[in-house]
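Coordinate inspection notes
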Amino acid sequence: PFVRTIEAEAGRRGGSPGMTDDTPRPAIFLACDIGQGGVRRGYVDLVNRIEAPRPIPVVTRDAADLQEFLREDRPLHVLPGPPVSGAWWLRWVRGPLGLWRRTRGVTELARLTNASAIVSFRHRSHVIAMCARFASRGRIPVVLSSYETLSQNLLFEHGTVWRAFYEWFSYRFFRQANLVIAASNGIAEDLEERFGVPRDRLAVVPKPIDVERVREAAREEPADWPSMPPGAPVILGVGRLVRAKGFDTLVRALSRLGAHMNAHVILVGDGPEAARLEALARSLGVNDRLHRVGHSPNPWAYMSRADVLAVPSRTEGLPDVVNEAHAIGLPIVAAACSAGMGEALEAGAAGVLVPPDDPATLADAITRTLEDGSLVARLLHRGQLRVASLRPETAADQVATLLAEVVEKAGDAGTTALSESSRR
């Protein structure tokens with residue numbers, strides 16, 4: 001099949017993609033490789049909160065575990081595709097085949113559900129969404145939701161060939177989307193300046209945060225708190241262990257911290273860089289002060305017990321972990337790797353900013369944050385004022401309003417034509 005509903009959920013609800021009622025026409029919310037981080041939480045929050053147009057959640061990998069976080073009336077749909085592993089030549093063959101199958105699945109689902117639009121999350125999903133728009137001859141509106149500084153993200157996430165493809169595709173076709181919603185002004189500027197998206201097709205909706213939910217979860221006990229000397233300062237890193245997150249810079253900074261501090265680093269997250277980070281810690285003689293606890297469904301329990309959050313990333317859009325630290329009351333030292341990071345930390349007023357890939361400066365900033373109580377008080381005050389305005393219901397209302405405007409501009413003729421062209 002080109003599209004599959006999670007069977008247990010579809011059976012329990014007695015629903016099917018083709019059922020209609022008097023509710024407003026739905027919109028497909030498409031996510032590729034949604035992972036476990038902030039994009040996933042933002043996606044789930046929008047799917048659950050938006051009432052009209054009713055979201056139809058669609059993923060491109062069998063993420064059945066996502067269903068438990070969705071509302072009862074939001075059954076999850078999966079677009080099957082060929083496996084991505086194997087010899088390089090098999091991946092080259094399977095890539096276009098998978099794109100074709102998933103594009104066909106999205107357009108078929110749009111026809112069956114009389115969908116009013118497609119909203120996509122992450123750049124791989126954007127490619128599928130734009131291909132579905134082309135397959136419909138431009139008759140179904142597409143909204144791209146961008147959480148990443150795309151020019152930087154492509155640099156760190158892909159090899160030369162795929163990076164060139166995504167850069168070409170993004171520059172050539174993203175400007176043809178009906179609307180691009182950016183999570184920060186910096187992301188919007190990157191899309192306009194590097195990929196030619198017209199300003200009148202860009203909107204900024206800041207990433208929201210459910211402050212009370214985060215604070216409640218932070219009161220729980222951490223699942224695997226490492227053994228450390230009493231009173232040892234704790235520097236926390238949260239995120240995927242990949243090169244883009246820059247945790248190697250944090251390990252090098254740990255080796256530069258004064259011996260009298262006896263500071264320890266806890267990394268919450270998994271990823272391909274784990275072994276390399278541990279080897280680096282051994283080579284620098286700090287392996288006894290580096291603790292890796294793996295992925296945690298509740299990183300906030302660790303954040304509430306740490307002394308400093310370090311965000312040494314080489315690229316970021318607008319990281320959720322910054323908002324979460326502000327909500328909990330954890331001071332932040334971060335690399336000024338993007339305009340979005342500068343926005344999140346208010347140019348240094350809500351967190352200490354340092355240059356990327358600079359272990360010495362990062363170590364100095366961490367030391368200052370650990371030792372200067374008045375600095376921490378100022379940073380936390382500004383940070384908590386900032387997150388108080390980032391309410392999830394406000395963001396959901398903004399996205400729903402923007403989507404309704406896009407659908408209204410596109411007109412009802414789009415889906416009628418899509419239905420007719422899909423039957424031919």
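Within every chain, residues take consecutive numbers counted from 1 along the sequence as written. Confidence filtering applies because this is a predicted model: local features only for residues at pLDDT of at least 70, side-chain atom pairs given and counted only at 80 or more, and all residues used for totals across whole chains, interfaces and linings. Where side-chain values are given, they derive from all heavy atoms of the structure, hydrogens and water being excluded.

Quick look at the pairing of strand 11 (residues 290-294) now. Within a regular strand, the side chains alternate between the two sheet faces. Type-normalised accessible area, obtained with a 1.4 Å probe on protein chains alone, sets the label of each residue: buried when under 20%, exposed when over 50%, and partly exposed for intermediate values. Secondary structure counts use DSSP, requiring at least four H or I residues in a row for a helix and at least two E residues in a row for a strand, with both numbered from the N terminus. Counted residue by residue, strand 11 has four buried out of five residues, so it is predominantly covered. At least two bridges found by DSSP between two strands is the condition for calling them paired. Bridging between strand 10 (residues 264-268) and strand 11 involves four bridges; their strand directions are parallel. Directly across from Val268, in strand 11, lies its bridge partner Gly294. For the handedness criterion, the β-α-β arrangement of strand 10, helix 10 (residues 274-284) and strand 11 is classed as right-handed. Clockwise travel from the first strand over the helix to the second, with the strands pointing away from the viewer, marks a crossover as right-handed.

Another aspect to go through is the environment of Arg314. Its place among the elements puts Arg314 in the loop between strand 12 (308-311) and helix 12 (320-328). Measuring from C-alpha to C-alpha, the distance between Arg314 and Lys245 comes to 5.9 Å, with 69 residues separating the pair along the chain. Apart from residues lying up to four places away in sequence, Arg314 is in contact with Gln152, Phe156, Arg243, Ala244, Lys245, Gly246, Asp248, Thr249, Cys337 and Asp357. There is a polar contact of 2.6 Å between the side chain of Arg314 and the backbone oxygen of Arg243. Pairs of N or O atoms within 3.5 Å make up the polar contacts considered here, provided that, within protein, one atom can donate a hydrogen while the other can accept it, and that residues adjacent in sequence are counted only when both atoms are side-chain atoms. Polar contacts involving the side chain of Arg314 include one to the side chain of Asp248, which spans 2.8 Å. Residues count as neighbours in contact if any of their non-hydrogen atoms are within 4.5 Å of one another.

Moving on, we get to the packing of aromatic side chains. Here a Phe, Tyr or Trp ring, Trp counted by its six-membered ring, pairs with any other such ring whose centre lies within 6.5 Å, and the pair is stacked when the planes are under 30 degrees apart, edge-to-face when over 60, and tilted otherwise. Across all of its chains, the model carries 12 aromatic pairs by this definition. Taking the centre distance of 5.1 Å and the plane angle of 90 degrees together, the rings of Tyr43 and Phe121 count as edge-to-face. Residue Tyr43 is found in helix 2 (residues 38-49), and its partner Phe121 is found in strand 5 (residues 118-121); the two are separated by 78 residues along the sequence. The exposure class assigned to Tyr43 is buried, which follows from its relative accessible area of 0%. The class of Phe121 is buried, set by a relative accessible area of 1%.

Next up on the list: the nonpolar core. Generally speaking, soluble globular proteins have nonpolar side chains that are buried together. If you look at the biggest cluster of nonpolar residues, it comprises 67 residues, and the most contacted ones within it are Ile28, Phe29, Leu30, Tyr43 and Ile118. In terms of residue count, helix 16 (residues 392-410) provides more of this core than any other element does, eight residues in total. Beyond its immediate chain neighbours, meaning those up to four positions away, Phe29 contacts Tyr43, Leu46, Val47, Ile50, Pro55, Ile56, Pro57, Val58, Val119, Phe121 and Leu403. Among the buried residues, those of types Ala, Val, Leu, Ile, Met, Phe, Trp, Tyr and Cys that are joined through side-chain atoms within 4.5 Å form a nonpolar core. In this structure, Val211, Ala218, Ile266 and Ala344 belong to the second largest nonpolar core, which totals 33 residues.

In a helix, the anticipated span is given by 1.5 Å times the number of residues less one. Between its terminal C-alpha atoms helix 15 (residues 373-387) stretches 21 Å, which fits the 21 Å expected from 15 residues at 1.5 Å a residue. Burial in helix 15 covers these residues: Leu375, Val376, Leu379, Leu380, Gly383, Arg386 and Val387. Seen along its axis, helix 15 keeps its buried residues to an arc of 125 degrees; they face one direction. Opposite the buried face of helix 15, at more than 90 degrees from it, the exposed residues are Gly373, Arg378, His381 and Leu385. Of the surrounding elements, those touching the buried residues of helix 15 are helix 8 (211-218), helix 12, helix 13 (339-344), strand 14 (352-354) and helix 14 (359-371). The arc refers to the directions leading from the helix axis to the C-beta atoms.

The strand order across the open sheet formed by six strands is 11-10-9-12-13-14, and the pairing between neighbours is parallel. Edge strands, defined here as strands with exactly one partner in the open sheet, are strand 11 and strand 14. Going across the sheet, the axis of each strand differs from the next one's by a mean of 25 degrees, ignoring polarity. Structural elements are reduced to axes, namely lines fitted to C-alpha atoms, with helices fitted over the stretch in contact, and the angle between N-to-C directions of any two is expressed from 0 to 180 degrees.

Before going further, it helps to examine helix 4 (residues 123-135). End to end, helix 4 covers 18 Å across 13 residues, agreeing with the expected 18 Å (1.5 Å per residue, within 8%). Burial of helix 4 is extensive: 10 of the 13 residues sit out of reach of the surface. Among the residues of helix 4, His123, Ser125, His126, Val127, Ile128, Ala129, Met130, Cys131, Ala132 and Arg133 are the ones counted as buried. Positive phi appears at Arg137, one or two residues downstream of helix 4, with a value of about 60 degrees.

We now examine the confidence of the model for the protein chain. Looking at the protein chain as a whole, the pLDDT averages 86, with 87% of positions reaching at least 70. Of the regions scoring below 50 in pLDDT, residues 7-20 engages in 17 contacts with residues more than four places distant in sequence or in other chains. By definition, pLDDT measures how confident the predictor is in each residue, and it falls between 0 and 100.

On to unusual backbone geometry. Generally, phi is negative for residues other than glycine and the peptide bonds are trans, each holding for most cases. A cis amide bond links Ala52 with the next residue in sequence, Pro53, at an omega value of -5 degrees. Tracing the sequence through the fold places Pro53 in the loop between helix 2 and strand 3 (55-59). In this model, Arg137 sits at a positive phi of 60 degrees, which is unusual for a non-glycine residue. In this structure, Arg137 sits in the loop between helix 4 and strand 6 (142-146). Located in the positive-phi region is Asn262, a residue other than glycine, with phi close to 50 degrees. Position of Asn262 relative to the elements: it lies in the loop between helix 9 (247-256) and strand 10.

On to the side chain of Ser125, then. Topologically, Ser125 is positioned in helix 4. A polar contact of 2.4 Å, which involves the side chain of Ser125, links it to the backbone nitrogen of Cys32. Look past the residues within four positions of Ser125 in its chain and what remains in contact with it is Leu30, Ala31, Cys32 and Ser120.

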